[in-house]
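# Breakdown of the fold
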Amino acid sequence: SWFIILTKLWEQQRLLKQAKEAGRDFWTGNSLNDGLQKLSGTGNVFKAMVESGIKASEHADGKLTEHVPVAEWISGKLQQNVDRMTNDLQRGLSFLASVGSTAPFVGLFGTVWGIYHALVSISIAGQASLDKVAGPIGEALIMTALGLAVAVPAVLGFNGLLRVNKSIMERANYFAHDVESALVAGS
């Protein structure tokens, strides 16, 4: 869980930086190609989106795509980029959600199992004094605490990552729409 949370936080910070750069620098160019040059980094998803849009605007090459209107073709290609970005951002989140929802039950199962064995030991010994009951039951309750210690960070990480993912995807959708408008207008 912690590995996923930390790597996703790093990925989100990288994408937020790229989104900020795209919003700030890209539109100051005189053309889409000029704006494209202002986007840095080899893994820049916003740069890849513009490149895909420019390539899509030149799609009439005598193949099956010539029957598709240019605006629809551009829109589809840009949406593919946004969808790919969404899938990349969502990767690992289902694991966090699963851990967050199942870990307390695994801990509870460990507690029940421990209490059962404690009660069996007590019944074999034939004495139910407080010192015979408290120790084994206290050890069994540690499993519940461990289950919660695993679940709480997973749930908090999932919710936090999901919130930032929505913000990043909102920026990507706005950027894709603006690039589509510029391409269709012939910029």
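Let us look at the structure shown here.

Calculation rules
Residues numbered from 1 in each chain as written. Predicted model: local features only at pLDDT ≥ 70, side-chain atom pairs only at ≥ 80, totals over all residues. Heavy atoms only, no water. Helix = DSSP H or I, 4+ residues; strand = E, 2+ residues; numbered from the N terminus. Expected span 1.5 Å × (residues − 1). Bend = angle between axes of the 7 residues up to and from the residue. Buried < 20%, exposed > 50% of the residue type's maximum accessible area, 1.4 Å probe, protein only. Core = buried A, V, L, I, M, F, W, Y, C linked by side-chain atoms within 4.5 Å. Contact = heavy atoms within 4.5 Å. Polar contact = N/O pair within 3.5 Å; in protein donor to acceptor, adjacent residues only side chain to side chain. Patch = residues over 30% accessible without salt bridge, like charges linked within 9 Å, V, L, I, M, F, W, Y side chains within 5 Å. Areas by Shrake-Rupley, 256 points an atom, 1.4 Å probe, with all protein chains shown as cover. Salt bridge = Lys/Arg side-chain N within 4 Å of Asp/Glu carboxyl O.

So, about helix α5 (residues 93-125). Along its 33 residues, α5 runs 48 Å from first to last C-alpha, staying within 8% of the 48 Å computed at 1.5 Å per residue. Where α5 bends most, at Thr 102, the angle is about 35°, and the proline Pro 104 comes one to four residues later. All buried positions along α5 are accounted for by Leu 93, Leu 96, Val 99, Gly 100, Ala 103, Gly 107, Gly 110, Thr 111, Ala 118 and Ile 122. Gly 126, located one to two residues past α5, shows a positive phi value of around 85°.

In this structure, Phe 26, Phe 46, Met 49, Val 50, Met 85, Phe 175 and Val 179 are the most contacted members of the largest nonpolar core, which totals 25 residues. If you list the elements that add at least two residues to this core, you get α1 (2-25), α2 (32-37), α3 (45-57), α4 (70-90) and α6 (130-185). At 8 residues, α6 tops the list of elements feeding residues into this core. Not counting residues within four places of it along the chain, the set of residues in contact with Phe 46 comprises Leu 15, Gln 18, Ala 19, Ala 22, Leu 39, Met 85, Arg 171, Ala 172 and Phe 175.

One can find Leu 78 in helix α4. Its relative accessible area of 1% is what places Leu 78 among the buried residues. Along the primary structure Leu 78 and Val 50 are separated by 28 residues, whereas in three dimensions their C-alpha atoms are 8.1 Å apart. When sequence neighbours within four positions are dropped, the list of residues in contact with Leu 78 reads Met 49, Gly 53, Ala 176, Val 179 and Glu 180.

Along the chain, the position of Thr 7 falls in helix α1. Its relative accessible area of 34% is what places Thr 7 among the partly exposed residues. Put simply, Thr 7 and Gly 92 are 85 residues apart on the chain and 9.8 Å apart in space, counted from C-alpha to C-alpha. A polar atom in the side chain of Thr 7 sits 3.1 Å from the backbone oxygen of Ile 4.

Let us now look at the environment of Ser 123. Within the secondary structure, Ser 123 sits in helix α5. A relative accessible area of 53% means that Ser 123 is categorised as exposed. When the C-alpha atoms of Ser 123 and Ala 176 are compared, they prove to be 69 Å apart, with 53 residues separating the residues in sequence.

Glancing now at a nonpolar patch on the surface. Side chains of Trp 2, Leu 6 and Leu 9 sit close together on the surface and give an oily, nonpolar patch of about 340 Å² of accessible area. Structurally, the position occupied by Trp 2 is in helix α1. Since its relative accessible area comes to 55%, Trp 2 is described here as exposed.

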